[in-house]
Every structure is written in C-alpha cells, then in structure tokens.
There are 2 protein chains.
Amino acid sequence: MISKINLAEKFAKLDAHWSPRVVGALDDAYLAKIAKLKGSFTWHQHDHEDELFLVISGQLIIELEDQKLTLGPGEMVVIPAGVMHNPIAEEECHVLVFEKKSTAHTGSKTLAATKSLDDQLRPI
Amino acid sequence: MISKINLAEKFAKLDAHWSPRVVGALDDAYLAKIAKLKGSFTWHQHDHEDELFLVISGQLIIELEDQKLTLGPGEMVVIPAGVMHNPIAEEECHVLVFEKKSTAHTGSKTLAATKSLDDQLRPI
C-alpha cells in the first residue's frame, strides 16, 4: 500500500522551529523534509551537497555572502554546494527541503541546534 | 548570482500537457520538474528510480495496479521504483516532480508521447 502525504497535516504536527522532519525518500539517497522556521538560523555551508528550498507558506529570507533572496509561497531556490547561507524567517515560514540523505543539518559545523539524521527521521 | 524560481511564472510558460520541464537540479543527479497534466497519461514504471509527485494545483489521480491515489494541492506521493503507475488528471493539474536525472519520462517504454531529457532541459 502506497500512501500519499498531506503536507498541511504534517506541518500541523511539527512541534519545533528549525527541526526538519523527513516526509519522503527517493532511492534511499535523497530526502524530502518539512520544517517550520522562525527567527535566524545560522550561517553554514554544505561542502558537497546542493540544497533545495521550496516555500509552502510565509516568507523565507536566505542571506548569502553577496546577495539576499526573499522567497514567498510557491518560490524555490537551489543553494549550490559550498555556498555559505543563512536562512531567516521574520514570521513563521513553512518550507519543503530536498537534499541528500548525507546532508548535515548545519553543514560543516555542529551546534546545539544541530539535528541528527535520526532525529529528522522520526515518524511524523 | 543565485536566482529564485517562481513556480507560478514557470507554469504560465508551459505550453503543453505531459511535457515536463526542469526548474532545478541537485548535485547534477536529481531534477525538479514542473508539468501540466490533463487527461490520462500511460501505464509505465521506472525500473530503478523512485519518483516523487507534489501537486501544486488541481487534482492528480495516480492509478496503481491494486489501488488508486487521489492527490490535491499540497499533497505528495513517492512511487517506488518498479511500481506500475498511470497518472490521470480529469481537469488540468500542475505538479512538481522530483526524480533522478536518469529517469525516463515513460519509464521502460518509448512512445510518441515520450519527452527526452534534452526536451525537458530546455530553459523555461
């Protein structure tokens, strides 16, 4: 039995900001994740992995070293591997993220805010 | 310079049904595609690749051999590799698809309706 995933139902169950949860997997290699964002995250980079953000609701600002992107619902961006970025949501923002299973939450640095893959894989 | 992608603007430029166009790439391995669907596509399977559909607008029916899924906006599904499926849209439906760069449009069969990767990669 194959089940569909209703993103609104999943977002309603998310209990914390900046704590992505996996809602789908492709080929055991890439993950689709949802996250509720509010406030400023942290500057980081993923040395070897691109990262795709799609805004579902709210507004996402992504600071880059030499530009700033502002995304609304239905807008997406791919942050290339190795590019420093800092996601910011002035009000609560819901995003869908696609990235490799190996992509670390806060990239090349580990912080108190860093969520492990196991944490992100908890069923929701 | 990194640019955001506005899906509504891209969908407005799509000129044909069942003709996916690439709007983003991850690690030169996976592609994000948009497609306008209307009518019934064709039964097919991707032998070695999972495929993710996210409905942006309209309603998508995915017939499987032993079940039928009906997805509305904000709903997604992963069709596992090797599973026969037939997408149907009774009215026009807009979808975002994530799949491997190697995934063939109509899977293991080539039809008149089959779009090549080069066709799907035309800038939009």
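Placed above this text is the structure.
Read on for a plain summary of the structure. (Residues numbered from 1 in each chain as written. Chains lettered and ligands numbered in written order. Predicted model: local features only at pLDDT ≥ 70, side-chain atom pairs only at ≥ 80, totals over all residues. Heavy atoms only, no water.)

A count of helices and strands for chain A gives 2 helices and 8 strands. Put simply, chain A runs from its N terminus to its C terminus through helices and strands in the order β-α-β-β-β-β-β-β-β-α. Its C-alpha atoms give chain A a radius of gyration of 14 Å, within 12% of the compact-globule value 14 Å for 124 residues. Seen through its principal axes, chain A has C-alpha atoms that stretch 45 × 30 × 25 Å. Within chain A, the fraction of its 124 residues that count as buried is 53%. Of all intrachain contacts in chain A linking residues separated by at least 6 positions in sequence, the fraction that spans at least 24 positions is 66%. For chain A, the accessible area works out to roughly 5,500 Å², and carbon and sulfur atoms hold 50% of it. Side chains of chain A carry 13 positive and 18 negative charges; the gap between the two charge centres is 8 Å. (Helix = DSSP H or I, 4+ residues; strand = E, 2+ residues; numbered from the N terminus. Rg over C-alpha atoms; globule rule 2.2 N^0.38 Å. Buried < 20%, exposed > 50% of the residue type's maximum accessible area, 1.4 Å probe, protein only. Contact = heavy atoms within 4.5 Å. Areas by Shrake-Rupley, 256 points an atom, 1.4 Å probe, with all protein chains shown as cover. Lys, Arg positive; Asp, Glu negative; His and termini not counted. Charge placed at Lys NZ, Arg CZ, Asp CG, Glu CD.)

Superposition of the two copies of the chain requires a rotation about an axis and a shift along the axis. The two copies are related by a screw operation: chain B maps onto chain A through 180° of rotation and 0.0 Å of translation along the axis, at an RMSD of 0.0 Å. These values place the two chain copies in the arrangement generated by a two-fold rotation axis. (Least-squares fit on C-alpha atoms with pLDDT ≥ 70 in both.)

Our next topic: the pattern of salt bridges. Residue and element names in this part refer to chain B. Inspection of the entire model under this criterion finds 8 salt bridges over all chains. Here Lys101 makes a salt bridge to Asp28, at a shortest N to O gap of 2.5 Å. One end of the pair, Lys101, is in the loop between strand E8 (85–100) and helix H2 (117–121); the other, Asp28, is in the loop between strand E2 (21–26) and strand E3 (30–40), and 73 residues separate them in sequence. Lys33 serves as the salt-bridge partner of Glu99, at 2.5 Å between the closest nitrogen and oxygen. Of this pair, Glu99 sits in strand E8 while Lys33 sits in strand E3, and the two are 66 residues apart along the sequence. Comparing Glu99 with Lys33, the two get one shared label, buried. (Salt bridge = Lys/Arg side-chain N within 4 Å of Asp/Glu carboxyl O.)

Turning our attention to the interface of chain B and chain A. Listed by partner, the interface residues are 38 residues for chain B and 38 residues for chain A. For Glu75 of chain B, the salt bridge is made with Lys4 of chain A, and the minimal N-O distance between the two is 3.0 Å. Of all the secondary-structure elements, those providing two or more residues to the side of chain B that touches chain A are strand E1 (5–6), E2, E3, strand E4 (51–57), strand E6 (68–71), strand E7 (75–79) and E8 of chain B. Of the pairings in the sheet, the one linking strand E1 (residues 5–6) of chain A to E7 of chain B comprises 2 bridges and is antiparallel in character. (Pairing = 2+ DSSP bridges.)

The subject of this paragraph is the environment of Pro20 of chain A. Residues and elements named next belong to chain A. Position of Pro20 relative to the elements: it lies in the loop between helix H1 (7–13) and strand E2 (21–26). Of the residues examined, Pro20 reaches a relative accessible area of 9% and is grouped as buried. Along the primary structure Pro20 and Ile61 are separated by 41 residues, whereas in three dimensions their C-alpha atoms are 17 Å apart. Beyond its immediate stretch of four places on either side in the chain, Pro20 contacts Lys33, Ile34, Ala35, His105, Lys115 and Gln120.

Tallying each qualifying case throughout the model produces 4 aromatic pairs over all chains. Between the aromatic rings of Trp18 of chain A and Phe41 of chain A, the centroid separation amounts to 4.8 Å while the plane-to-plane angle is 15°, which identifies the pairing as stacked. You can see Trp18 of chain A sitting in the loop between H1 and E2 and its partner Phe41 of chain A sitting in the loop between strand E3 (30–40) and strand E4 (51–57), a full 23 residues away along the chain. On the basis of relative accessibility, which here comes to 13%, the residue Trp18 of chain A falls in the buried class. Judged by relative accessible area, which is 16%, Phe41 of chain A ranks as buried. Each ring, one from Phe98 of chain A and one from Phe98 of chain B, has its centre 3.5 Å from the other, and the planes form 20°; the classification is stacked. Pair noted here: Phe98 of chain A is in strand E8 (residues 85–100) and Phe98 of chain B is in strand E8, and the two residues belong to different chains. Both residues of the pair, Phe98 of chain A and Phe98 of chain B, count as buried. (Phe/Tyr/Trp six-rings, centres within 6.5 Å; stacked < 30°, edge-to-face > 60°.)

Moving on, we get to the pairing of strand E6 (residues 68–71) of chain A. Residue and element names in this part refer to chain A. Alternating residues of E6 divide into Leu69 and Leu71, all buried, and Lys68 and Thr70, none buried. Strand direction decides the pairing type here: strand E5 (residues 60–64) and E6, joined by 4 bridges, are antiparallel. Bridge pairing in E6 places Glu63 opposite Lys68. Between E5 and E6, which pair antiparallel in sequence order, lie 3 residues.

With that settled, consider unusual backbone geometry. Positive phi, close to 55°, is recorded for Asp28 of chain A, a residue that is not glycine. In this structure, Trp18 of chain B is a non-glycine residue whose phi angle is positive, near 55°.

It is worth stressing that arrangement in space is one thing and function is another; only the former is reported here.
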